[in-house]
Amino acid sequence: MKTKILLLLIVLLAALAVGAVNAQDDGMVPVDESVTGDLEVFSWWTSGGEAAALQALFDSYAASFPNANIVNATVAGGGGSAARPVLQTRLAGGDPPDTWQVHPGWELLGQYVDPEYVVPINDLYEEMGWNDVVPEQLRDMMTRDGNIYLVLAGVHRGNGFWYNKPILDELGVTIGETLSVDEFIAIADQIVAEMPDVAPLCVGDSGIWATAQLFENTLLGVLGPEGYRGLWDGSVSFDSDEVKQAMTVYGQMLDYQNSDHAALSWDQAVDALMEGRCVFNSMGDWAYGEFVAAGMEDNVDFGWVSHPGTAGSFMVVADGFVMANGAPNEAANAGWLSVIGSRPAQEAFNPLKGSICARTDCDRELFGPYHNWSMDSFSADELVASVVHGTAAPADFQQAMNDAVTLFVVDRDVDAFAAALVDAVAASGFTEAGM
Ligand code: GAL
């Protein structure tokens, strides 16, 4: 099967190479009318911003492969927690989609590479020149034993802290380049005092990952990038004083959240922010996609700063697609991967999604103030991996952390929270295994 896929890739790449000579030097994948049939693309991109951005990738694909038919297979639910079990059932049953959405790191390597659900795409990287334009730190997260398995469409910054700008203007509050926990608490107290109907913090944790994200960002803020990394290589324990301090701060922040948090999804919490029912939201910059979809303007309707204490770090949440082992339509999928890794497709997708290009040669002028800020952060700041979005630790730990967070949101028991996470690290054993 692998040989067959390899052969198909070689044929397609040869066609691309010929086409590339004839194409203008605009980076677009040359038109190939010979690719036909269905291409099933599996993802969890269903919110307003996510769906609009996904459509931009589909449009880019259709421009190069006009005779192939995209089947948009989505399972709703932010963060993919509902989609992944559906996918696992299909993969275990030998019924893979052609391609699916994956985060690099443990999610890719543990859930899909180890069981051989995906095949390497080194040749595609070489042919498309991606080894020169995709940063090595990203490629490393998608590589095992010299084989690379994922094509990224974009890189989200997970540690965003978004706010309703008109409300803060009304309160006379200006957010500077950074925000500390104490500064946040002072503003939150002012909101409580002056606007009793408005919650300082917007949370939509009907999918528990969204409040786990608030916790993850708080861990990064309190521990700093070195300490945070230590959690994943085993040099920092989850019952250390610093982690307990982060848990305490997380609890303090939860005291300011909207009372209907458990009824809202992540994007409904962003809606609540836009509507002025609450003010701040700790979320990856897929939130930006919701602002764009609603016609909001950077620095006018909404603003952003790093989650308290996390300035100087970039929490990497990257999105990519794979080549299924046994993909029903390998040729169409090789075309899909070549398109989503191309500059024009990434320049169309990322402004709508909130992420930055996974390649270094996108035209900055096509992006607005937020994206340029995020690009600067990516190139200057410490890159750290998200556990909530599958990169820093394996799925069993991620699940255990979600369970522990679920309890903590209700009982606020720091010692029990810390003990649960220490146990989860030991049970998973990932710090010994390495990535
Ligand atoms: C993340 C994913 C993002 C965004 C978010 C909310 O896991 O990387 O692209 O979709 O979930 O659904």
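Residue numbering note: each chain is counted from 1, following its sequence as written. Side-chain atom pairs in this predicted model are given and counted only at pLDDT of 80 or more, local residue features only at pLDDT of at least 70, and totals for whole chains, interfaces and linings cover all residues. Side-chain measures were taken over the full set of non-hydrogen atoms in the model, leaving aside hydrogen atoms and water.

### Considering the site of the ligand
Our working rule: If a single non-hydrogen atom of a residue is within 4 Å of a molecule or strand, that residue counts as near it. Whenever two N or O atoms come within 3.5 Å, that pair is a polar contact, provided that in protein one can donate a hydrogen and the other can accept it, and provided that, for residues adjacent in sequence, both atoms are side-chain atoms. Method for areas: the Shrake-Rupley scheme with a 1.4 Å probe, in which residue coverage is limited to the protein chains shown. In the scheme used here, Gly and all other residues not listed as nonpolar or charged are polar, with Ala, Val, Leu, Ile, Met, Phe, Trp, Tyr, Cys and Pro taken as nonpolar and Asp, Glu, Lys and Arg as charged. Throughout, the edges of the domains are those of an automatic or database domain assignment.
Taken together, 14 residues are adjacent to the ligand, and Glu 50, His 103, Asp 319, Lys 353 and His 389 come closest. Between the ligand and Glu 50, the relevant distance is 2.5 Å, taken from an oxygen atom to a side-chain nitrogen or oxygen of the residue. Protein chains shield 100% of the accessible area of the ligand, which is 310 Å² for the free molecule. In the shell around the ligand, the residues fall into 5 nonpolar, 6 polar and 3 charged. Taken domain by domain, the shell around the ligand gets at least three of its residues from each of domain 1 (2–154 + 317–368) and domain 2 (160–315 + 375–430).

### A short note on the domain arrangement of the protein
Put simply, the test is: Contacts: residue pairs with any heavy atoms within 4.5 Å of one another. Once two parts are joined, some of their accessible surface, as seen by a 1.4 Å probe, is lost; buried area is that loss totalled over both. One speaks of a salt bridge when a side-chain nitrogen belonging to Lys or Arg is within 4 Å of a carboxyl oxygen belonging to Asp or Glu.
You can read the domains of the protein as domain 1 (2–154 + 317–368) and domain 2 (160–315 + 375–430). Domain 1 and domain 2 are separated by 29 Å when their C-alpha centres are compared. At the junction of the two partners, domain 1 supplies 28 residues and domain 2 supplies 27 residues. In this assembly, domain 1 packs against domain 2 so that about 2,200 Å² is buried in total across both faces, 63% of it on carbon and sulfur atoms. It is Trp 106, Val 317 and Ile 356 that lose the most area in domain 1 upon contact with domain 2, and together they represent 30% of the buried surface on that side. Taken together, the links from domain 1 to domain 2 amount to 1 salt bridge. Between Arg 364 and Asp 376 there is a salt bridge, and its shortest N-O distance comes to 2.9 Å.

### What about the sheet that holds strand β8 (residues 199–201)?
For clarity, the cut-off: A pair of strands is treated as paired once DSSP finds two or more bridges between them. Runs of E in the DSSP output that reach at least two residues are strands. Runs of H or I that reach at least four are helices, and both are numbered from the N terminus. Fitted lines through C-alpha atoms serve as axes, helices being fitted only where they are in contact, and the angles separating the N-to-C directions of these axes extend from 0 to 180 degrees.
The strand order across the open sheet formed by 4 strands is β8-β9-β7-β10, and the pairing between neighbours is mixed. The open sheet has two edge strands with one neighbour each: β8 and β10 (302–306). Strand after strand, the sheet turns through a mean of 20° between neighbouring axes, direction not considered. Where β8 meets strand β9 (residues 278–283), 2 bridges bridge the pair, whose relative direction is parallel. Bridging from a neighbouring strand, Ala 199 pairs with Cys 278 of β9. Packed onto the sheet, helix α13 (residues 286–293) meets β7 (160–164), β9 and β10 and runs at close to 30° relative to β7.

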